[in-house]
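Residue strings, one per chain:
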Amino acid sequence: MTRVNPGGTIGILGGGQLGRMLALAAANLGYRCHIYCPEENSPAFQVADQTTVASYTNEEALTDFARAVDVATYEFENVPAQTADIVSKNTLLRPGARALMVSQDRLVEKEFLADSGVKTAPYQAFHSAAELKEAFKSIGRPSVAKTRRFGYDGKGQQLVKSSKDLDKVLSVTNSTPAILEGFVNFDREISVIVARSASGDVAAYPVSENVHTNHILDITTVPAKVSDMVEAKAKVIAAKVANALEYVGVMTVEMFVSDAKGQIIVNEIAPRVHNSGHWTMDGATTSQFEQHIRAICDLPLGATNARGIIRMKNLLGDDILDNEQYLADPKASFHHYGKSDPRPGRKMGHVTWVDADD
Ligand code: AMP
(Lines give C-alpha, C1' and ligand atoms only; values in the text may rest on other atoms or scores of the structure.)
Protein backbone atom coordinates (compact mmCIF):
# COMPACT_ATOMS: atom_id res chain seq x y z
CA MET A 1 0.00 0.00 0.00
CA THR A 2 1.25 3.45 -0.80
CA ARG A 3 1.67 5.84 2.08
CA VAL A 4 1.72 9.55 1.41
CA ASN A 5 3.80 11.29 4.06
CA PRO A 6 3.33 14.78 5.54
CA GLY A 7 4.84 17.30 3.14
CA GLY A 8 3.01 15.60 0.28
CA THR A 9 0.23 17.16 -1.75
CA ILE A 10 -3.38 16.00 -1.72
CA GLY A 11 -5.59 16.82 -4.70
CA ILE A 12 -9.29 17.42 -4.04
CA LEU A 13 -11.93 17.43 -6.78
CA GLY A 14 -14.57 19.92 -5.67
CA GLY A 15 -14.20 23.21 -3.86
CA GLY A 16 -17.23 23.45 -1.55
CA GLN A 17 -17.32 23.42 2.24
CA LEU A 18 -16.39 19.73 2.42
CA GLY A 19 -13.26 20.36 0.33
CA ARG A 20 -12.50 23.36 2.51
CA MET A 21 -12.73 21.40 5.77
CA LEU A 22 -10.70 18.54 4.23
CA ALA A 23 -7.98 21.03 3.24
CA LEU A 24 -7.93 22.56 6.73
CA ALA A 25 -7.56 19.10 8.29
CA ALA A 26 -4.85 18.15 5.77
CA ALA A 27 -2.89 21.31 6.59
CA ASN A 28 -3.10 20.40 10.26
CA LEU A 29 -1.43 17.07 9.50
CA GLY A 30 1.34 18.73 7.48
CA TYR A 31 -0.02 18.23 3.94
CA ARG A 32 -0.64 20.74 1.16
CA CYS A 33 -3.83 20.72 -0.86
CA HIS A 34 -4.52 21.40 -4.50
CA ILE A 35 -8.22 22.07 -5.15
CA TYR A 36 -9.74 21.46 -8.59
CA CYS A 37 -13.10 23.14 -9.15
CA PRO A 38 -14.86 24.73 -12.14
CA GLU A 39 -16.21 27.64 -10.09
CA GLU A 40 -14.06 30.63 -9.30
CA ASN A 41 -14.23 31.84 -5.68
CA SER A 42 -14.93 28.35 -4.36
CA PRO A 43 -14.93 28.19 -0.52
CA ALA A 44 -12.04 25.69 -0.48
CA PHE A 45 -9.79 27.97 -2.55
CA GLN A 46 -9.45 30.30 0.45
CA VAL A 47 -7.54 27.66 2.41
CA ALA A 48 -5.66 25.78 -0.34
CA ASP A 49 -2.02 25.82 -1.38
CA GLN A 50 -2.84 25.48 -5.10
CA THR A 51 -6.00 25.81 -7.15
CA THR A 52 -7.15 24.89 -10.64
CA VAL A 53 -10.27 26.44 -12.14
CA ALA A 54 -11.31 24.18 -15.02
CA SER A 55 -14.20 21.98 -16.02
CA TYR A 56 -14.43 18.32 -15.04
CA THR A 57 -14.18 17.41 -18.72
CA ASN A 58 -10.94 19.31 -19.36
CA GLU A 59 -8.56 16.41 -19.99
CA GLU A 60 -5.41 18.50 -20.07
CA ALA A 61 -6.17 20.38 -16.85
CA LEU A 62 -7.18 17.13 -15.10
CA THR A 63 -3.99 15.41 -16.22
CA ASP A 64 -1.80 18.31 -15.02
CA PHE A 65 -3.68 18.37 -11.71
CA ALA A 66 -3.32 14.63 -11.17
CA ARG A 67 0.40 14.67 -11.99
CA ALA A 68 0.97 17.52 -9.53
CA VAL A 69 -0.48 15.63 -6.52
CA ASP A 70 0.54 12.52 -4.56
CA VAL A 71 -3.01 11.30 -4.02
CA ALA A 72 -6.36 12.61 -5.25
CA THR A 73 -9.77 12.45 -3.61
CA TYR A 74 -13.20 14.05 -4.09
CA GLU A 75 -15.77 15.88 -1.98
CA PHE A 76 -18.88 15.00 -4.02
CA GLU A 77 -20.25 11.78 -5.50
CA ASN A 78 -21.21 13.09 -8.92
CA VAL A 79 -17.65 13.19 -10.24
CA PRO A 80 -18.10 12.03 -13.86
CA ALA A 81 -16.69 8.54 -14.56
CA GLN A 82 -14.46 9.97 -17.28
CA THR A 83 -12.98 12.52 -14.84
CA ALA A 84 -12.21 9.77 -12.33
CA ASP A 85 -10.66 7.72 -15.12
CA ILE A 86 -8.29 10.51 -16.23
CA VAL A 87 -7.24 11.26 -12.66
CA SER A 88 -6.69 7.62 -11.70
CA LYS A 89 -4.48 7.06 -14.75
CA ASN A 90 -2.15 9.78 -13.48
CA THR A 91 -2.18 9.46 -9.70
CA LEU A 92 -3.68 7.44 -6.85
CA LEU A 93 -7.44 8.06 -6.65
CA ARG A 94 -8.87 7.32 -3.21
CA PRO A 95 -11.68 6.33 -2.85
CA GLY A 96 -11.61 4.61 -6.23
CA ALA A 97 -13.94 4.82 -9.21
CA ARG A 98 -16.12 1.88 -8.02
CA ALA A 99 -17.44 3.84 -5.05
CA LEU A 100 -18.52 6.58 -7.45
CA MET A 101 -20.14 4.17 -9.87
CA VAL A 102 -22.17 2.52 -7.10
CA SER A 103 -23.30 5.70 -5.37
CA GLN A 104 -24.18 7.67 -8.51
CA ASP A 105 -26.99 5.38 -9.56
CA ARG A 106 -29.70 4.40 -7.07
CA LEU A 107 -30.42 1.13 -8.90
CA VAL A 108 -26.76 0.03 -8.95
CA GLU A 109 -26.51 1.11 -5.30
CA LYS A 110 -29.54 -0.93 -4.24
CA GLU A 111 -28.27 -3.98 -6.13
CA PHE A 112 -24.82 -3.62 -4.57
CA LEU A 113 -26.34 -3.32 -1.07
CA ALA A 114 -28.52 -6.38 -1.62
CA ASP A 115 -25.49 -8.35 -2.89
CA SER A 116 -23.58 -7.29 0.24
CA GLY A 117 -26.32 -8.76 2.44
CA VAL A 118 -27.62 -5.37 3.58
CA LYS A 119 -31.37 -4.74 3.89
CA THR A 120 -32.91 -1.96 1.80
CA ALA A 121 -36.49 -0.89 1.05
CA PRO A 122 -38.11 -3.02 -1.69
CA TYR A 123 -37.54 -1.39 -5.07
CA GLN A 124 -38.25 -1.74 -8.76
CA ALA A 125 -36.74 0.18 -11.66
CA PHE A 126 -38.97 1.96 -14.18
CA HIS A 127 -38.63 4.34 -17.08
CA SER A 128 -41.88 4.48 -19.02
CA ALA A 129 -45.42 5.03 -17.72
CA ALA A 130 -46.20 1.35 -18.31
CA GLU A 131 -43.18 0.25 -16.26
CA LEU A 132 -44.15 2.66 -13.49
CA LYS A 133 -47.62 1.08 -13.35
CA GLU A 134 -46.05 -2.37 -13.09
CA ALA A 135 -43.65 -1.18 -10.36
CA PHE A 136 -46.55 0.36 -8.42
CA LYS A 137 -48.42 -2.93 -8.61
CA SER A 138 -45.56 -4.86 -7.07
CA ILE A 139 -44.19 -2.30 -4.58
CA GLY A 140 -47.58 -1.02 -3.41
CA ARG A 141 -48.33 2.13 -1.45
CA PRO A 142 -47.16 4.35 -0.07
CA SER A 143 -44.01 4.37 -2.14
CA VAL A 144 -41.39 6.87 -3.22
CA ALA A 145 -40.26 7.43 -6.80
CA LYS A 146 -36.65 8.61 -7.17
CA THR A 147 -34.55 9.37 -10.23
CA ARG A 148 -31.65 6.93 -10.51
CA ARG A 149 -29.11 9.72 -10.92
CA PHE A 150 -28.48 13.27 -9.65
CA GLY A 151 -31.09 13.29 -6.88
CA TYR A 152 -30.19 15.02 -3.62
CA ASP A 153 -31.98 16.82 -0.77
CA GLY A 154 -35.26 15.28 -1.96
CA LYS A 155 -34.90 16.55 -5.54
CA GLY A 156 -36.18 14.19 -8.24
CA GLN A 157 -38.44 12.43 -5.70
CA GLN A 158 -42.20 11.97 -5.51
CA LEU A 159 -44.25 10.34 -2.79
CA VAL A 160 -46.90 8.02 -4.22
CA LYS A 161 -49.85 7.62 -1.86
CA SER A 162 -52.34 6.37 -4.43
CA SER A 163 -52.53 5.62 -8.15
CA LYS A 164 -53.66 9.25 -8.61
CA ASP A 165 -50.09 10.36 -7.80
CA LEU A 166 -48.61 8.30 -10.64
CA ASP A 167 -49.25 11.11 -13.13
CA LYS A 168 -47.03 13.45 -11.11
CA VAL A 169 -44.18 10.96 -11.00
CA LEU A 170 -43.07 11.15 -14.60
CA SER A 171 -42.99 14.94 -14.53
CA VAL A 172 -40.80 14.86 -11.40
CA THR A 173 -38.47 12.19 -12.76
CA ASN A 174 -38.48 14.09 -16.03
CA SER A 175 -38.92 10.73 -17.77
CA THR A 176 -35.34 9.71 -16.89
CA PRO A 177 -34.61 6.20 -15.52
CA ALA A 178 -35.90 5.93 -11.96
CA ILE A 179 -36.80 3.52 -9.19
CA LEU A 180 -39.95 3.12 -7.12
CA GLU A 181 -39.18 2.09 -3.57
CA GLY A 182 -41.40 1.10 -0.68
CA PHE A 183 -42.07 3.84 1.89
CA VAL A 184 -40.34 2.97 5.15
CA ASN A 185 -42.27 3.81 8.32
CA PHE A 186 -39.19 4.64 10.33
CA ASP A 187 -38.90 6.16 13.81
CA ARG A 188 -35.61 7.89 13.17
CA GLU A 189 -32.97 8.52 10.57
CA ILE A 190 -29.38 7.74 11.45
CA SER A 191 -26.06 7.68 9.66
CA VAL A 192 -22.74 6.04 10.30
CA ILE A 193 -19.52 7.76 9.33
CA VAL A 194 -16.99 5.01 8.74
CA ALA A 195 -13.37 5.09 7.65
CA ARG A 196 -11.37 2.40 5.90
CA SER A 197 -7.67 3.01 5.39
CA ALA A 198 -5.60 1.97 2.41
CA SER A 199 -4.25 -0.83 4.63
CA GLY A 200 -7.79 -2.10 5.29
CA ASP A 201 -8.23 -0.87 8.88
CA VAL A 202 -11.82 0.12 9.61
CA ALA A 203 -13.13 2.55 12.25
CA ALA A 204 -16.73 3.75 12.66
CA TYR A 205 -17.89 6.79 14.62
CA PRO A 206 -20.79 6.61 17.08
CA VAL A 207 -24.11 6.69 15.25
CA SER A 208 -25.43 10.16 14.27
CA GLU A 209 -29.16 10.84 14.55
CA ASN A 210 -30.40 13.23 11.89
CA VAL A 211 -33.43 15.47 11.60
CA HIS A 212 -34.20 16.97 8.19
CA THR A 213 -36.30 20.03 7.48
CA ASN A 214 -37.51 20.53 3.91
CA HIS A 215 -35.32 17.54 2.92
CA ILE A 216 -32.14 19.30 4.11
CA LEU A 217 -30.25 18.18 7.20
CA ASP A 218 -31.10 20.49 10.09
CA ILE A 219 -29.84 18.88 13.32
CA THR A 220 -27.54 15.96 14.12
CA THR A 221 -27.32 14.60 17.66
CA VAL A 222 -24.92 12.10 19.19
CA PRO A 223 -25.44 9.70 20.83
CA ALA A 224 -28.41 8.65 18.73
CA LYS A 225 -31.48 7.57 20.72
CA VAL A 226 -31.16 3.94 19.66
CA SER A 227 -30.59 0.72 21.60
CA ASP A 228 -27.07 -0.60 22.09
CA MET A 229 -28.03 -3.40 19.73
CA VAL A 230 -29.04 -0.99 16.94
CA GLU A 231 -25.92 1.13 17.55
CA ALA A 232 -23.70 -1.95 17.21
CA LYS A 233 -25.62 -3.34 14.22
CA ALA A 234 -25.47 -0.02 12.37
CA LYS A 235 -21.69 0.12 12.74
CA VAL A 236 -21.35 -3.47 11.53
CA ILE A 237 -23.46 -2.65 8.45
CA ALA A 238 -21.30 0.41 7.67
CA ALA A 239 -18.09 -1.63 7.99
CA LYS A 240 -19.56 -4.35 5.80
CA VAL A 241 -20.35 -1.82 3.07
CA ALA A 242 -16.88 -0.22 3.28
CA ASN A 243 -15.20 -3.63 3.08
CA ALA A 244 -17.40 -4.82 0.21
CA LEU A 245 -16.34 -1.75 -1.79
CA GLU A 246 -12.69 -2.15 -0.73
CA TYR A 247 -13.21 1.47 0.09
CA VAL A 248 -10.39 3.85 1.03
CA GLY A 249 -11.36 7.02 2.89
CA VAL A 250 -14.37 8.14 4.92
CA MET A 251 -17.82 7.16 3.74
CA THR A 252 -21.32 7.59 5.06
CA VAL A 253 -24.14 5.09 5.29
CA GLU A 254 -27.62 6.57 5.83
CA MET A 255 -30.20 4.33 7.48
CA PHE A 256 -33.81 4.24 8.71
CA VAL A 257 -34.51 2.72 12.13
CA SER A 258 -37.72 1.20 13.44
CA ASP A 259 -37.41 1.21 17.22
CA ALA A 260 -39.89 -1.51 18.15
CA LYS A 261 -38.42 -4.08 15.78
CA GLY A 262 -34.83 -2.85 16.16
CA GLN A 263 -34.84 -2.97 12.37
CA ILE A 264 -32.33 -1.08 10.24
CA ILE A 265 -32.87 -0.35 6.56
CA VAL A 266 -30.11 1.26 4.54
CA ASN A 267 -31.31 4.26 2.52
CA GLU A 268 -28.17 5.30 0.68
CA ILE A 269 -24.43 5.65 0.83
CA ALA A 270 -22.23 8.67 0.22
CA PRO A 271 -18.60 8.03 -0.78
CA ARG A 272 -17.34 11.03 1.14
CA VAL A 273 -17.29 12.99 4.35
CA HIS A 274 -20.82 14.06 5.22
CA ASN A 275 -22.82 16.85 6.82
CA SER A 276 -24.02 14.43 9.51
CA GLY A 277 -20.37 13.94 10.54
CA HIS A 278 -19.57 17.62 11.11
CA TRP A 279 -20.04 17.08 14.84
CA THR A 280 -16.75 15.14 14.86
CA MET A 281 -14.80 18.40 14.37
CA ASP A 282 -15.58 19.48 17.92
CA GLY A 283 -17.03 16.32 19.44
CA ALA A 284 -14.42 13.64 18.62
CA THR A 285 -10.68 13.32 19.01
CA THR A 286 -10.26 12.85 15.26
CA SER A 287 -12.59 14.75 12.94
CA GLN A 288 -14.11 12.98 9.93
CA PHE A 289 -12.00 15.29 7.74
CA GLU A 290 -8.73 14.35 9.45
CA GLN A 291 -9.81 10.69 9.36
CA HIS A 292 -10.34 10.89 5.60
CA ILE A 293 -6.87 12.39 5.11
CA ARG A 294 -5.37 9.70 7.37
CA ALA A 295 -7.19 6.95 5.46
CA ILE A 296 -6.21 8.09 1.95
CA CYS A 297 -2.60 8.76 3.00
CA ASP A 298 -2.49 5.35 4.71
CA LEU A 299 -1.67 6.77 8.14
CA PRO A 300 -3.07 4.96 11.18
CA LEU A 301 -6.75 5.82 11.74
CA GLY A 302 -7.55 8.06 14.74
CA ALA A 303 -9.86 7.59 17.72
CA THR A 304 -13.56 7.89 16.89
CA ASN A 305 -15.16 8.14 20.34
CA ALA A 306 -17.56 11.01 21.07
CA ARG A 307 -16.51 13.43 23.79
CA GLY A 308 -19.98 13.76 25.32
CA ILE A 309 -23.49 14.69 24.26
CA ILE A 310 -23.31 16.57 20.99
CA ARG A 311 -25.68 18.64 18.86
CA MET A 312 -24.82 20.06 15.45
CA LYS A 313 -27.04 22.59 13.68
CA ASN A 314 -26.72 23.63 10.06
CA LEU A 315 -26.82 27.33 9.29
CA LEU A 316 -28.69 27.78 6.02
CA GLY A 317 -29.03 31.05 4.13
CA ASP A 318 -29.64 33.98 6.46
CA ASP A 319 -29.08 31.81 9.58
CA ILE A 320 -25.45 32.77 9.18
CA LEU A 321 -26.36 36.36 10.12
CA ASP A 322 -26.92 35.11 13.69
CA ASN A 323 -23.20 34.52 13.96
CA GLU A 324 -22.76 36.92 16.91
CA GLN A 325 -25.25 34.92 18.95
CA TYR A 326 -23.17 31.78 18.42
CA LEU A 327 -19.87 33.56 18.94
CA ALA A 328 -21.17 34.77 22.31
CA ASP A 329 -22.29 31.29 23.37
CA PRO A 330 -19.55 29.75 25.53
CA LYS A 331 -20.71 26.23 24.65
CA ALA A 332 -20.93 26.74 20.88
CA SER A 333 -18.25 26.06 18.27
CA PHE A 334 -19.06 28.15 15.22
CA HIS A 335 -17.94 27.31 11.66
CA HIS A 336 -18.30 29.70 8.71
CA TYR A 337 -17.74 28.32 5.21
CA GLY A 338 -16.54 31.62 3.75
CA LYS A 339 -19.44 31.94 1.29
CA SER A 340 -20.53 35.51 0.61
CA ASP A 341 -24.03 35.02 -0.80
CA PRO A 342 -26.52 33.62 1.77
CA ARG A 343 -29.09 32.30 -0.71
CA PRO A 344 -32.11 30.60 0.93
CA GLY A 345 -31.31 26.97 1.77
CA ARG A 346 -27.59 27.35 1.01
CA LYS A 347 -25.28 25.71 3.54
CA MET A 348 -23.36 28.68 4.98
CA GLY A 349 -21.92 27.23 8.19
CA HIS A 350 -22.74 25.13 11.22
CA VAL A 351 -22.63 25.26 15.01
CA THR A 352 -21.80 22.44 17.40
CA TRP A 353 -22.52 22.20 21.09
CA VAL A 354 -20.57 19.62 23.06
CA ASP A 355 -21.71 18.72 26.57
CA ALA A 356 -18.48 17.11 27.62
CA ASP A 357 -18.36 13.90 29.64
CA ASP A 358 -15.65 15.21 31.97
P1 AMP B 1 -32.73 10.44 -0.12
O2 AMP B 1 -32.47 11.46 -1.16
O3 AMP B 1 -32.86 9.06 -0.63
O4 AMP B 1 -31.74 10.54 1.03
O5 AMP B 1 -34.14 10.83 0.54
C6 AMP B 1 -34.35 12.08 1.20
C7 AMP B 1 -35.25 11.89 2.40
O8 AMP B 1 -36.54 11.41 1.99
C9 AMP B 1 -34.73 10.87 3.42
O10 AMP B 1 -33.81 11.46 4.30
C11 AMP B 1 -36.03 10.44 4.09
O12 AMP B 1 -36.42 11.39 5.06
C13 AMP B 1 -37.03 10.46 2.97
N14 AMP B 1 -37.11 9.13 2.31
C15 AMP B 1 -36.36 8.70 1.29
N16 AMP B 1 -36.66 7.43 0.94
C17 AMP B 1 -37.64 7.03 1.78
C18 AMP B 1 -38.38 5.82 1.95
N19 AMP B 1 -38.18 4.76 1.15
N20 AMP B 1 -39.30 5.77 2.93
C21 AMP B 1 -39.52 6.83 3.73
N22 AMP B 1 -38.87 8.01 3.62
C23 AMP B 1 -37.94 8.12 2.67
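Every chain begins its residue count from 1, and numbering advances along the sequence as written. Only residues with pLDDT of 70 or above have their local features reported here, since the model is predicted, and side-chain atom pairs are shown and tallied only from 80 upward, although totals for entire chains, interfaces and linings are computed over all residues. The side-chain numbers reported here are obtained from all heavy atoms of the structure, hydrogens and water having been left aside.

**As for the site of the ligand**
- Taken together, 14 residues are adjacent to the ligand, and Lys146, Gln157, Glu181, Val184 and Glu189 come closest.
- At a separation of 2.8 Å, a nitrogen atom of the ligand approaches a polar backbone atom of Val184.
- As used in this structure description, the phrase polar contact means that two N or O atoms lie within 3.5 Å; if the pair is within protein, one of them must be able to donate a hydrogen and the other to accept it, and residues adjacent in sequence are counted only when both atoms belong to side chains. At 2.8 Å from an oxygen atom of the ligand is found a side-chain nitrogen or oxygen belonging to Glu268.
- Alone, the ligand offers 480 Å² of accessible surface; in the complex the protein occludes 91% of this.
- Within the residue set of the shell around the ligand, elements represented by two or more residues are β7 (143-147), β9 (178-182) and β15 (263-270).
- Polar here means any residue outside two lists: the nonpolar Ala, Val, Leu, Ile, Met, Phe, Trp, Tyr, Cys and Pro, and the charged Asp, Glu, Lys and Arg; Gly therefore counts as polar. Class assignment for the residues of the shell around the ligand results in 5 nonpolar, 4 polar and 5 charged.
- Note that the domain bounds reflect an automated or database-derived domain assignment. Each of domain 2 (122-182) and domain 3 (188-355) contributes no fewer than three residues to the shell around the ligand. One heavy atom suffices: a residue is near a molecule or strand as soon as one of its heavy atoms comes within 4 Å of it. For the area figures, the Shrake-Rupley method with a 1.4 Å probe applies, and any residue is considered shielded solely by the protein chains shown. Going along the chain from the N terminus, every DSSP run of H or I of four or more residues is numbered as a helix, and every run of E of two or more is numbered as a strand.

**Details of helix α1 (residues 17-28)**
- Taking 1.5 Å per residue, 12 residues should reach 16 Å; α1 reaches 17 Å between its end C-alpha atoms and fits that length.
- The cut-offs for exposure are 20% and 50% of the maximum accessible area for each residue type, with area from a 1.4 Å probe on protein chains only; residues under the lower value are buried, those over the upper are exposed, and the others partly exposed. Among the 12 residues that make up α1, 9 are buried, leaving the element largely enclosed by the rest of the structure.
- Regarding α1, the residues found buried are Gln17, Leu18, Gly19, Arg20, Met21, Leu22, Ala23, Ala25 and Ala26.
- On its buried side, α1 packs onto β1 (9-13), β2 (32-36), α9 (280-283), α10 (288-297), β17 (332-336) and β18 (347-356).
- One or two steps after α1, the chain reaches Gly30, where phi turns positive at roughly 95°. Expected helix span is computed as 1.5 Å times (number of residues minus one). We call two residues in contact whenever any of their non-hydrogen atoms come within 4.5 Å of each other.

**Quick look at the pattern of salt bridges**
- Each salt bridge in this description consists of a side-chain nitrogen of Lys or Arg and a carboxyl oxygen of Asp or Glu lying within 4 Å of one another. One pass over the full model with this rule turns up 15 salt bridges.
- Taking the shortest distance from any N to any O, the salt bridge between Asp165 and Lys168 comes out at 3.2 Å.
- The class for Asp165 is buried, based on a relative accessible area of 13%.
- Each of Lys110, Lys146 and Glu181 takes part in one network of salt bridges that share partners.

**So, the packing of aromatic side chains**
- Each Phe, Tyr or Trp ring, with Trp reduced to its six-membered ring, pairs with another whose centre is within 6.5 Å; inter-plane angles below 30 degrees give stacked pairs, above 60 give edge-to-face pairs, and intermediate values give tilted ones. Tallied over the full model, the rule gives 7 aromatic pairs.
- Their ring planes at 65° and their centres at 5.2 Å tell us that Tyr36 and Phe65 sit as a pair that is edge-to-face. One end of the pair, Tyr36, is in strand β2; the other, Phe65, is in helix α2 (residues 59-67), with 29 residues separating them in the sequence.
- The class for Tyr36 is buried, based on a relative accessible area of 0%.
- Phe65 sits in the buried class, given a relative accessible area of 1%.
- A centroid spacing of 6.4 Å and a plane angle of 15° characterise the contact between Tyr326 and Phe334, whose relative ring orientation is stacked.
- A residue is classified by how much of its surface remains accessible, and Tyr326, at 7% relative accessible area, is buried.
- Three or more aromatic residues joined by ring pairs form one cluster here, namely Tyr36, Tyr56, Phe65 and Phe76.

**Overview of the sheet that holds β1**
- At least two bridges found by DSSP between two strands is the condition for calling them paired. Spatial ordering of the open sheet is given by β3-β2-β1-β4-β5, a layout of 5 strands whose pairing is parallel. Looking at which strands have only one partner, the edges of the open sheet turn out to be β3 (50-52) and β5 (92-93).
- Both β1 and β2 contribute to a ladder of 5 bridges, which runs parallel. In the strand pairing of β2, Gly11 is matched with His34.

**Some details on the packing of helix α4 (residues 97-104) against helix α5 (residues 106-115)**
- The geometry of α4 relative to α5 is characterised by a closest axis approach of 5 Å and an angle of 110° between their N-to-C directions. Classed by the angle they form, the pair α4 and α5 counts as roughly perpendicular. Here Arg98, Met101, Val102, Ser103 and Gln104 of α4 lie close against α5, whose contacting residues are Arg106, Val108, Glu109 and Phe112.
- When its residues are assigned to classes, the contact of α4 with α5 shows 4 nonpolar, 2 polar and 3 charged. In this analysis an axis means a line fitted to C-alpha atoms, helices contributing only their contacting stretch, and an angle means the value between N-to-C directions, from 0 to 180 degrees. Should an angle fall under 35 degrees it is taken as roughly parallel, and over 145 as roughly antiparallel, whereas 65 to 115 is taken as roughly perpendicular and any remaining angle as oblique.

**Looking at the sheet that holds strand β8 (residues 157-160)**
- Sheet architecture is open: 4 strands sit in the order β6-β9-β7-β8, paired in antiparallel fashion. Strands with a single pairing partner mark the edges of an open sheet, and in this sheet they are β6 (123-126) and β8. The sheet shows a mean angle of 20° between the axes of neighbouring strands, taken without regard to direction.
- Here β6 pairs with β9 via 4 bridges, running antiparallel. Bridged to Tyr123 within β9 is Glu181.

**Digging into the pairing of strand β4 (residues 71-74)**
- Residues of β4 alternate between two faces, with Val71 and Thr73 on one and Ala72 and Tyr74 on the opposite face, all of them buried.
- Pairing geometry for β1 and β4, over 4 bridges, is parallel. Paired with Ile12 across the bridge in β4 is Thr73.
- In this sheet, β5 lies alongside β4 in parallel orientation, the contact comprising 2 bridges.

**Focus: unusual backbone geometry**
- The residue after Arg141, namely Pro142, is reached through a cis peptide bond having omega -5°.
- One can find Pro142 in the loop between α6 (129-139) and β7.
- Put simply, Val222 and Pro223 share a cis peptide bond, and its omega is 0°.
- Structurally, Pro223 can be placed in the loop between β13 (216-222) and α8 (228-244).

In short, geometric facts, not functional conclusions.
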